[in-house]
Amino acid sequence: KAKAAGAKHFIASSDAEAMKNAAGSLDLILDTVSACHDSEPYAAMLDKKGTLCLLGLQTTPVAVNATQFVFNRIAVTGSLIGGIKNTQEMIDFCVEKKLYPEIKIIDAKEIPEALKNLNDGNDAGVRYVIDCKTIK
């Protein structure tokens with residue numbers, strides 16, 4: 001899906017060999033995962049002076065290998081949603097590049113199945129949108 005959306009390269013975090021081969025190859029990682037997870041495998045893919053930007057809001061502390069970060073001058077930063085201006089810039093960029101989310105509109109009765117899919121890893125990469133007319 002990533003390549004179909006225009007990505008030149010893609011690394012599946014579930015592919016240990018690909019993760020290993022990508023060590024030190026990235027300048028920036030946008031970590032959008034909001035579930036608690038280990039950031040260390042991602043940080044290993046950063047080159048010197050790389051940046052790990054946390055966009056997903058984890059509820060537990062993020063542990064990092066301080067030696068790796070200090071000696072490679074890797075930065076950790078975070079960002080919340082921007083204001084209206086930033087959101088509009090992002091939408092304009094997506095329209096220009098023809099980047100659109102894959103969504104599935106579901107009835108309220110389908111919420112349990114959607115939650116199960118999300119908990120199981122959401123391999124389809126779908127964003128679920130609940131049709132509010134179906135909420136009773």
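The structure we're discussing is the one just above.
Quick caveat: nothing in here was measured; it's all calculated off a predicted structure.

Caption draft 1: Main features of the overall build of the protein chain. For the protein chain, the helix and strand inventory stands at 5 helices and 5 strands. Listed by position from the N terminus, the elements making up the protein chain come as α-β-α-β-α-β-α-β-α-β. By the burial criterion, 17% of the 136 residues in the protein chain qualify as buried. Within the protein chain, counting contacts between residues at least 6 apart in sequence, those at least 24 apart form 42% of the total. When the accessible surface of the protein chain is summed, it comes to about 10,400 Å², and 59% of that surface belongs to carbon and sulfur atoms.

Caption draft 2: Broad picture of the nonpolar core. The biggest cluster of nonpolar side chains holds 10 residues, and these are M19, A22, I29, A43, M45, L46, L52, L54, F69 and I74. Top element by residues in this core is strand β2 (residues 46-54). It accounts for 3 residues.

Caption draft 3: Quick look at the sheet that holds β2. Read from one edge to the other, the open sheet built from 3 strands follows the order β1-β2-β3, with strand pairing classed as parallel. With partners counted over all chains shown, the strands left at the sheet margins are β1 (26-31) and β3 (75-78), one partner each. Between one strand and the next, the sheet's axes are offset by a mean angle of 15°, whatever the strand orientation. Two strands pair when backbone bridges link them, and β1 and β2 are joined in this way by 5 bridges, in the parallel orientation. Each residue of the ladder has a partner; that of L30, found in β2, is C53.

Caption draft 4: Focus on the pattern of salt bridges. Applying the stated criterion to the full structure yields 3 salt bridges. Among the salt bridges present, the one from K85 reaches E89, with a minimum N-O distance of 3.0 Å. Taken together, the positions of K85 and E89, both in helix α4 (residues 84-97) and 4 residues apart, correspond to about one turn of that helix. Its relative accessible area of 62% is what places K85 among the exposed residues.

Caption draft 5: Geometry of unusual backbone geometry. Even without being glycine, K49 reaches a positive phi, approximately 65°. A positive phi angle, near 50°, is found at R73, a position not held by glycine. Counting through the fold element by element, R73 comes out in the loop between α3 (66-71) and β3.

What counts and how
Residues numbered from 1 in each chain as written. Predicted model: local features only at pLDDT ≥ 70, side-chain atom pairs only at ≥ 80, totals over all residues. Heavy atoms only, no water. Helix = DSSP H or I, 4+ residues; strand = E, 2+ residues; numbered from the N terminus. Buried < 20%, exposed > 50% of the residue type's maximum accessible area, 1.4 Å probe, protein only. Contact = heavy atoms within 4.5 Å. Areas by Shrake-Rupley, 256 points an atom, 1.4 Å probe, with all protein chains shown as cover. Core = buried A, V, L, I, M, F, W, Y, C linked by side-chain atoms within 4.5 Å. Pairing = 2+ DSSP bridges. Axes fitted to C-alpha atoms, helices over the stretch in contact; angles between N-to-C directions. Salt bridge = Lys/Arg side-chain N within 4 Å of Asp/Glu carboxyl O.

Note that every value here comes from positions in space, so none of it alone points to a role or purpose.
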